[in-house]
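An overview of the molecular structure
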Amino acid sequence: MGINALKKQGMRIALDAEDFIAKHSVTDEEIISLKKKFISIEELEPILKKREEDAAASASEPEKPQAEVSLPSGFAPMAKEYEPEITVREALDVTGKSRTEGKVDDFVKYFRNRYERLAALLRSYGGKYPEADLHGISKLAGQKVRVIVMIFEIRETKKGNLLLQVEDLTGQFKIVISQRDEQLFQRAKTLVKDDIVLISGKVAQPFIIAEELEWPDIPVARERKKPERDLAGVYLSDLHFGSKQFLGQYFNRFINWINGRGENRDLAGKVKYIFVAGDIVDGIGIYPNQEKDLDVVDIFKQYEMFTDFVQELPDYLEVLVCPGNHDAVRRAEPMPALSKDILGCEVHSVGNPSTICVENLEHLMYHGTSCDGWIATLSHLSYDRPEKVMIECLKRRHLSPIFGAHAIVPEKLDYMVIEKVPDVVHFGHVHKNGYANHRGSLIINSGTFQDVTEFQQRQGHIPTPAKVPILEFQSNKLRTLDFTR
Ligand SMILES: [Fe+2]
Ligand SMILES: [Fe+2]
């Protein structure tokens, strides 16, 4: 959110306190946790002390055991017998590493990082023509080349062809995609601004006439990993605790089920992991007049509802959580993990996006806020089929390529690049379940536990609340349990 957003929400911050916040990188969560309307430097100083205490405590103290939830008789969950296997890919998570000042130079470095990493991927696939830089390409007139470029502008010519203004790290040039090449033309119609692609073709001054177009994408079908243990993961998102539309009755059914008090007990007993891809709470001040849609107007009380939920889970379960656009972290992406103070319980809190290896399966977890920009840009995408949007991200190996469609923080490393080939890709945000398999990567959009909102009704968007996907890792069997019934 930042200082300005906090001020807009009615918080008053003294000038010297603002300096202190900048100097010590005090986070929004730390400021909110003070529970004060007026923030002076005296209020802030204890934050530093608390940081030291927390660091010392986490280094020396064993984790507090959760109060044990009693399981019904006859429910002997297999998952209880196994220790968790979780590795957070820290290098791909922005948490604790955000240092950018958002200057022009930071954006230049950010785009260079994106270009270099995606270009390396594209280069690794090779090609039939030699690679050329755009600088000096006009000297290669008549030759066939391949170039790795970022799309700067896409225009339709009077003749109905596509004219791309492109650039690489050495210069700019133009590329023509003729509508006579029907297949290529249709592919090119899904290009977006800032895409990084490999284009092969003939240099014919002042253009390259394209013959082929490739996105970095996932390498073609690979062998599926088969985890050794017969455990399962539950995929949730968009709980929106605190909203009037939060479907508590259905959510309680889910809690009962996971505690072995429902049907499919064998499956419930296999669940070892619960992934929550953001929008844990409905938040405050996320959109104008949000108060009228809130049951709980205090953000801490909203997160207490989450804490209560975690405490109602069997203690052998592992919960992995990333924030979404309704949560109490900065709005721009990548987002750092929610703090323990905010969440109020022991879970694996990771950034948005993040990559986590669970049971030897690489999980890419991202809230999915960029879906809005994708759907507004490409006509074949809609809120009804979120899995199609997710495929577009995988094709680009990037979660949010369209600059300006959604706020991005220009970190030195572009955390939105999909560095590792994911086995499971988990999004939320659109409140609609969706599944697909793209070149061996399983795509899951986990829907919501929030009922349809007025805004969605006006948009004609029909969410699918309380339908929970569960993946059995060993067999790769994905089921959706409907808790509305
Ligand atoms: Fe949401
Ligand atoms: Fe969202």
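Throughout this description, residue numbers start from 1 for each chain and increase along the sequence as written. Working convention: letters from A go to chains and numbers from 1 go to ligands, in the order in which they are written. In keeping with the model being predicted, local features are shown solely for residues with a pLDDT of at least 70 and side-chain atom pairs are shown and tallied solely at 80 or more, while totals for entire chains, interfaces and linings include all residues. The side-chain values count all of the structure's non-hydrogen atoms but skip hydrogen atoms and water molecules.

**Side note on the sheet that holds strand β6 (residues 172-177)**
Two strands are counted as paired when DSSP detects at least two bridges linking them. Numbered from the N terminus, helices here are DSSP runs of H or I no shorter than four residues, and strands are runs of E no shorter than two. Here 5 strands make up a closed barrel; going around it, the order is β4-β5-β6-β8-β7 and the pairing mixed. Put simply, the sheet's adjacent strands are angled 55° from each other on average, direction ignored. Bridge count for strand β4 (residues 144-156) against strand β7 (residues 196-204) is 7 bridges, and the pairing is antiparallel. Looking across to β7, one finds that V147 is bridged to I199. Throughout, a contact is declared for two residues whenever any of their heavy atoms are within 4.5 Å. Angles here are taken between N-to-C directions and fall from 0 to 180 degrees, while the axes themselves are lines fitted to C-alpha atoms, restricted in helices to the stretch in contact. Where helix α5 (residues 104-124) meets the sheet, its contacts fall on β4, β7 and β8 (207-214), and the angle it forms with β4 comes to roughly 135°.

**Some words on the coordination of the iron ion (ligand 2)**
Note that water is not among the atoms used; donors are N, O and S atoms within 2.8 Å of the metal (3.2 Å for Na, K and Ca), so sites may look incomplete. At the metal site, the iron ion (ligand 2) is ligated by D279 (OD), N325 (OD1), H367 (NE2) and H429 (ND1), and these contacts range over 2.1 to 2.2 Å. Four donors are marked tetrahedral only if all angles between them lie between 85 and 135 degrees, whereas four are marked square planar and six octahedral if opposite donors are more than 155 degrees apart and the other angles lie between 65 and 115; the remainder are marked irregular. Taken together, the 4 donor atoms surrounding the iron ion (ligand 2) define angles of 86 to 160° at the centre, an arrangement classified as irregular. Here the donor residues for the iron ion (ligand 2) map to a single chain with the spacing D-x45-N-x41-H-x61-H. For the pair the iron ion (ligand 2) and the iron ion (ligand 1), the metal-to-metal distance amounts to 3.3 Å, and D279 bridges them. With D279 in the loop between β10 (271-277) and α9 (299-311) and H367 in the loop between β14 (361-365) and α11 (371-377), this pair connects stretches of sequence that are 88 residues apart.

**Some remarks on the domain arrangement of the protein chain**
Note that the domain bounds were set by an automatic or database domain assignment. For the protein chain, the assigned domains are domain 1 (2-60), domain 2 (78-98 + 221-482) and domain 3 (125-214). The centre of domain 2, based on its C-alpha atoms, is set 37 Å off from the matching centre of domain 3. Taken together, the contact pairs 10 residues of domain 2 with 8 residues of domain 3. Buried area: the accessible area, evaluated with a 1.4 Å probe, that two parts lose upon being put together, summed over both parts. Between domain 2 and domain 3, roughly 590 Å² of surface is buried when both sides are summed, and carbon and sulfur atoms account for 50% of that area. Looking only at domain 2, the three residues that lose the most surface to domain 3 are L378, R396 and P401, adding up to 52% of its buried area. Within 3.5 Å is the distance limit for a polar contact, defined as a pair of N or O atoms, with the added protein rule that one can donate a hydrogen and the other accept it, and that residues adjacent in sequence qualify only through two side-chain atoms. In this assembly, domain 2 and domain 3 are joined by 3 residue pairs in polar contact (both at pLDDT 80 or more). Looking at the side of domain 2 that touches domain 3, the elements that each hand over two or more residues are α11 and α12 (386-396). In the scheme used here, Gly and all other residues not listed as nonpolar or charged are polar, with Ala, Val, Leu, Ile, Met, Phe, Trp, Tyr, Cys and Pro taken as nonpolar and Asp, Glu, Lys and Arg as charged. Looking at the side of domain 2 that touches domain 3 residue by residue, the classes come out as 5 nonpolar, 2 polar and 3 charged.

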